[in-house]
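# Per-entry structural report
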Amino acid sequence: MEPLLTAAATWLDAVGIGPWARGSAMVYPVANTLHLLGLVMLVGGIGVVDLRIVGLWRTLPIEALSRALTPLAIGGLVLMAASGTILFAADGDALAGSQTFAQKLIVIVLALANAAAFRLLWRTKLDDWRGVVPGAARAMAALSLALWLTAGALGRWIAYS
């Protein structure tokens, strides 16, 4: 993965994003704050839906909750991708060699694959789950929570590895 990340860092420098991110006293802290806001939106949105699917708040209809909070989670994911690109551009060479950063990216890919599989398998059945949620759906929701929280934790641990 390191050669791919090194190439990405080189490209971000060549198009000016790296120098811009490193050259301003405000860009990095603002991007970092937006990245955290995106994480809160993502985990706060999809995390509540996942917790409902797992079994909490059984009186809340899953389909309505998902319809209301999934766009918030997607917005958070988009915000994280944009701000994360800026954060990566600011320190791409070091991050390209970071095992923790590589692990974070792998966990994100797994979380996105789990989310896509969940939508493919269950999106038309959410309204039917007024009583019992299938075990496989509960397991995927629990995995979603675990993966997104792990990605967030790994993001914090990058600075310490």
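See the structure above.
Summarised in this report is the structure supplied together with it. (Residues numbered from 1 in each chain as written. Predicted model: local features only at pLDDT ≥ 70, side-chain atom pairs only at ≥ 80, totals over all residues. Heavy atoms only, no water.)

The subject of this paragraph is the nonpolar core. The biggest cluster of nonpolar side chains holds 24 residues, and the ones touching the most others in it are Ile53, Phe118, Trp129 and Ala137. Contributing elements (two or more residues each) for this core: helix H3 (27-54), helix H4 (62-90), helix H6 (99-122) and helix H7 (135-157). It is H7 that provides the largest number of residues to this core, a total of seven residues. Excluding residues that lie within four positions of it along the chain, Ala137 makes contacts with Ile53, Phe118, Trp122 and Trp129. (Core = buried A, V, L, I, M, F, W, Y, C linked by side-chain atoms within 4.5 Å. Buried < 20%, exposed > 50% of the residue type's maximum accessible area, 1.4 Å probe, protein only. Helix = DSSP H or I, 4+ residues; strand = E, 2+ residues; numbered from the N terminus. Contact = heavy atoms within 4.5 Å.)

Further remarks concern the side chain of Ser98. Within the secondary structure, Ser98 sits in the loop between helix H5 (92-96) and H6. Note on Ser98: relative accessible area 13%, which makes it buried. When residues no more than four places from it in sequence are discounted, the contact partners of Ser98 are Ile158 and Ser161.

Enumeration over the complete set of coordinates arrives at two salt bridges. For Arg22, the salt bridge goes to Asp13, with nearest N and O atoms at 2.9 Å. You can call Arg22 partly exposed: its relative accessible area is 44%. Given a relative accessible area of 29%, Asp13 falls into the partly exposed group. Between Glu63 and Arg67 there is a salt bridge, with the nearest N and O atoms lying 2.3 Å from each other. A residue pair is termed a helical-turn pair when its members lie 3 or 4 positions apart in one helix, as Glu63 and Arg67 do in helix H4 at four residues. (Salt bridge = Lys/Arg side-chain N within 4 Å of Asp/Glu carboxyl O.)

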